[in-house]
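# Overview (structure and organization)
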Amino acid sequence: MTEHNDTDGVRLTPEQAKSRRARNIAIGLAVGLLVVIFYAVTIVKLGPGILHRPM
Amino acid sequence: MSLVTGHEVDDLRISVAGPKDFFALLKPSVMSLVILTALAGMMIEPVPVHPLIGFVSLLAISVGAGASGALNMWYDADIDAVMGRTASRPVPSGRVTAQEALAFGLILSTISVLTLGLVANWLAAALLAFTIFFYAVVYTMWLKRWTPQNIVIGGAAGALPPIVACAAVTGSVSLASLVLFAIIFVWTPPHFWALAIGKVSDYGRAGIPMMPNVKGEKHTRFEMLLYTMVLAPLGVVPALLGQASFVYGVIAAVSGAGMLWLAVDVWRAPDPAVMAKACKKLFGYSILYLFLLFGVIVIENTVSLLLRVLA
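Along each chain, residue indices are assigned from 1 in the same order as the chain's sequence is written. A letter from A marks each chain and a number from 1 marks each ligand, given out in the order of writing. Totals for whole chains, interfaces and linings use all residues, but because this is a predicted model, local features are given only for residues with pLDDT of at least 70 and pairs of side-chain atoms are given and counted only at 80 or more. The side-chain numbers reported here are obtained from all heavy atoms of the structure, hydrogens and water having been left aside.

## Brief notes about the overall build of chain B
- Comment: elements are numbered from the N terminus, with helices defined as DSSP H or I runs of at least four residues and strands as E runs of at least two. In terms of regular secondary structure, chain B is built from 15 helices and zero strands.
- The quantity called the radius of gyration is restricted to C-alpha atoms. Its globule counterpart is 2.2 Å times the number of residues to the power 0.38. In terms of C-alpha radius of gyration, chain B reaches 20 Å, essentially the compact-globule figure of 19 Å for 311 residues.
- Projected onto its principal axes, the C-alpha coordinates of chain B cover approximately 80 × 55 × 25 Å.
- Expressed as a percentage of the 311 residues in chain B, the buried residues total 51%.
- Pairs of residues are marked as contacts when any of their non-hydrogen atoms sit within 4.5 Å. Sequence-distant contacts, at least 24 apart, represent 73% of the contacts inside chain B between residues at least 6 apart. Burial classes follow relative accessibility: with a 1.4 Å probe on protein chains only, a residue under 20% of its type's maximum area counts as buried, one over 50% as exposed, and anything between as partly exposed.

Rendered as structure tokens:
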């Protein structure tokens, strides 16, 4: 197995790491919002029918 | 010998773009107008809609409009870079790479169209997809660099949101939403040319055939007046059709007369300094005018909705 040391690969500058973290948080929030939206819309569209399902 | 070209270096660069830069790609100021005009389109037909469905539809339309803005900034980065007004946009300033802008625009376009289709209906989704296509491909890639009628025909993309929103709520395209489309469509040329007339050297440097560059500022001022002469009475039509109140009609007539007054000022301006001042005034007023017309439609429909709920 190859051993990795600190000099392997690309090392992000603090600015790059900070902006990547900010982008990841924004993407996470956007995906979370989409999940909430689709959950809520599903409930609204099914309406009272949500309780009437074949057993 | 260098192993990578300048373009490849741009590809390999590690992004330092923050969420704020991506938000700027959506053209937030244009988006705010889209939100208002779409909301008016949603409310102009007396069809009840679940608030959540209405809200999500509005969100999808706004994001779709923003996505077309991102695609526009991806394609136009070369000309944005040489124009004072647009040089600080995220792509030409180097904060966001062209590839990031393209990916962002395509992903948001897809998500917004699919969301509108699933939440509202597929007619609205198809109209939203057409709006994005019209702005990003027909206007940005084709008309903008080809004809002085670019913003006239391209204005259709900016005018479509009320139709998309109306379709999202009613499942069809109504006459009232077509009137709202016509108002924004006719409003666009005097609004945009009032800005372009002062940027002749910018557009010339970028090689964009704007009307003042091609036909001269005198001809442009005349066309601005003609469009405003159509716009002022057109603004009143929603009241004549019974889709807006008498109060709206009065406000539209008075503010339309104001717009016409300023367009006449631009047309009659005796020298470049007076003209520049008059154009600046018309540009600012035109934004207020459109916000006012659509704002009144939204407010009076909200009030009548609240009265119905309380009754």
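Read on, since the account is not over.
## Some points on the nonpolar core
Residue and element names in this part refer to chain B.
- Counting residues in each nonpolar core, the largest one holds 80 residues, and the members touching the most others are Leu116, Ile183, Tyr248 and Phe294.
- Considering every element that reaches this core, the biggest residue donor is helix H10 (residues 175-196), with twelve residues.
- Each residue touching isoleucine 183, except ones within four places of it in the same chain, is listed here: Leu231, Leu234, Gly235, Pro238, Tyr248, Leu290, Leu293 and Phe294.
- Counting residues in each nonpolar core, the second largest holds nine residues, with Ala17, Met73, Ala77 and Ala101 among its members. What we call a nonpolar core is a set of buried Ala, Val, Leu, Ile, Met, Phe, Trp, Tyr and Cys residues that are connected through their side-chain atoms within 4.5 Å.

## Considerations on the interface of chain A and chain B
- Across the contact, 15 residues belong to chain A and 16 residues belong to chain B.
- What counts as buried area is the accessible surface, traced by a 1.4 Å probe, that two parts surrender upon association, with contributions from both included. When chain A packs against chain B, the two sides together hide about 1,300 Å² of surface, and 80% of this comes from carbon and sulfur.
- The term salt bridge refers to a pairing of a side-chain nitrogen on Lys or Arg with a carboxyl oxygen on Asp or Glu at a separation within 4 Å. Connecting chain A to chain B are zero salt bridges.
- Whenever a nitrogen or oxygen atom comes within 3.5 Å of another N or O atom, the pair is scored as a polar contact, on the condition that within protein one atom can donate a hydrogen and the other can accept it, and that pairs from neighbouring residues in sequence are kept only if both atoms are in side chains. Counting the contacts that link chain A with chain B gives four residue pairs in polar contact (both at pLDDT 80 or more).
- Looking at side-chain class alone, the side of chain A that touches chain B contains ten nonpolar, two polar and three charged residues. In the scheme used here, Gly and all other residues not listed as nonpolar or charged are polar, with Ala, Val, Leu, Ile, Met, Phe, Trp, Tyr, Cys and Pro taken as nonpolar and Asp, Glu, Lys and Arg as charged.

## Some thoughts on the packing of helix H12 (residues 211-234) of chain B against helix H14 (residues 246-268) of chain B
All names here are of chain B.
- For helices, the fitted line uses only the C-alpha atoms of the stretch in contact; every axis is such a line through C-alpha atoms, and the angle between N-to-C directions lies from 0 to 180 degrees. In the contact formed by H12 and H14, the axes pass within 9 Å of each other and the chain directions differ by 170°. As far as their axial angle goes, H14 and H12 are roughly antiparallel. Classified by chirality, the crossing of H14 by H12 is left-handed. When H12 is examined against H14, the residues Arg221, Phe222, Met224, Leu225, Thr228, Met229, Leu231 and Ala232 are found in contact with a partner set consisting of Gly256, Met259, Leu260, Ala263, Val264, Val266 and Trp267.
- Tallied by class, residues from the contact of H12 with H14 come to twelve nonpolar, two polar and one charged. Our angle categories are set so that under 35 degrees counts as roughly parallel, over 145 as roughly antiparallel, 65 to 115 as roughly perpendicular, and the remainder as oblique. Note on convention: near helix rotated counterclockwise from far helix by under a right angle means a left-handed crossing. Clockwise means right-handed.

## Side note on unusual backbone geometry
Residue and element names in this part refer to chain B.
- Even without a glycine there, the phi angle at lysine 27 is positive, about 50°.
- As for its position among the elements, lysine 27 is in the loop between helix H2 (19-25) and helix H3 (28-43).
- Here lysine 27 falls in the buried class, since its relative accessible area comes to 13%.

## A few points about the side chain of Gln16(A)
- Secondary-structure assignment places Gln16(A) in helix H1 (residues 14-46).
- Judged by its relative accessible area of 14%, Gln16(A) falls in the buried class.

## Here's the deal with the packing of aromatic side chains
Residues and elements named next belong to chain B.
- A pair of Phe, Tyr and Trp rings is counted when the ring centres sit within 6.5 Å of each other, with Trp represented by its six-membered ring. The angle between the planes then sorts it: under 30 degrees is stacked, over 60 is edge-to-face, the rest tilted. Under the defined criterion, the tally for this structure stands at seven aromatic pairs over all chains.
- A ring pair is formed by phenylalanine 181 and phenylalanine 185, whose centres lie 5.8 Å apart and whose planes are at 10°; its orientation type is stacked. Of the two residues, phenylalanine 181 and phenylalanine 185 both sit in helix H10, four residues apart, roughly one turn of that helix.
- Residue phenylalanine 185 is classed as partly exposed on the basis of its relative accessible area, which comes to 25%.
- Residues tryptophan 193 and tyrosine 227 carry aromatic rings whose centres are separated by 5.9 Å and whose planes lie at 65° to one another, so their mutual orientation is edge-to-face. Of the two residues, tryptophan 193 is situated in helix H10 and tyrosine 227 in helix H12; the sequence distance between them amounts to 34 residues.
- Residue classification places tryptophan 193 among the buried positions, given a relative accessible area of 0%.
- Tyrosine 227 gets classed as partly exposed once you look at its relative accessible area, which sits at 21%.

## Considerations on the pattern of salt bridges
Residues and elements named next belong to chain B.
- Here the structure, examined in full by the defined rule, presents seven salt bridges over all chains.
- When the shortest N-O distance is used, the salt bridge between aspartate 21 and arginine 95 registers 2.6 Å. Of this pair, aspartate 21 sits in helix H2 while arginine 95 sits in the loop between helix H5 (77-81) and helix H6 (98-119), and the two are 74 residues apart along the sequence.
- Put simply, arginine 145 and aspartate 76 hold a salt bridge, and the shortest N to O gap is 2.8 Å. In this pair, arginine 145 is assigned in the loop between helix H7 (122-143) and helix H8 (150-159) and aspartate 76 in the loop between helix H4 (51-75) and H5, connecting sequence segments 69 residues apart.
- Its relative accessible area of 0% is what places aspartate 76 among the buried residues.

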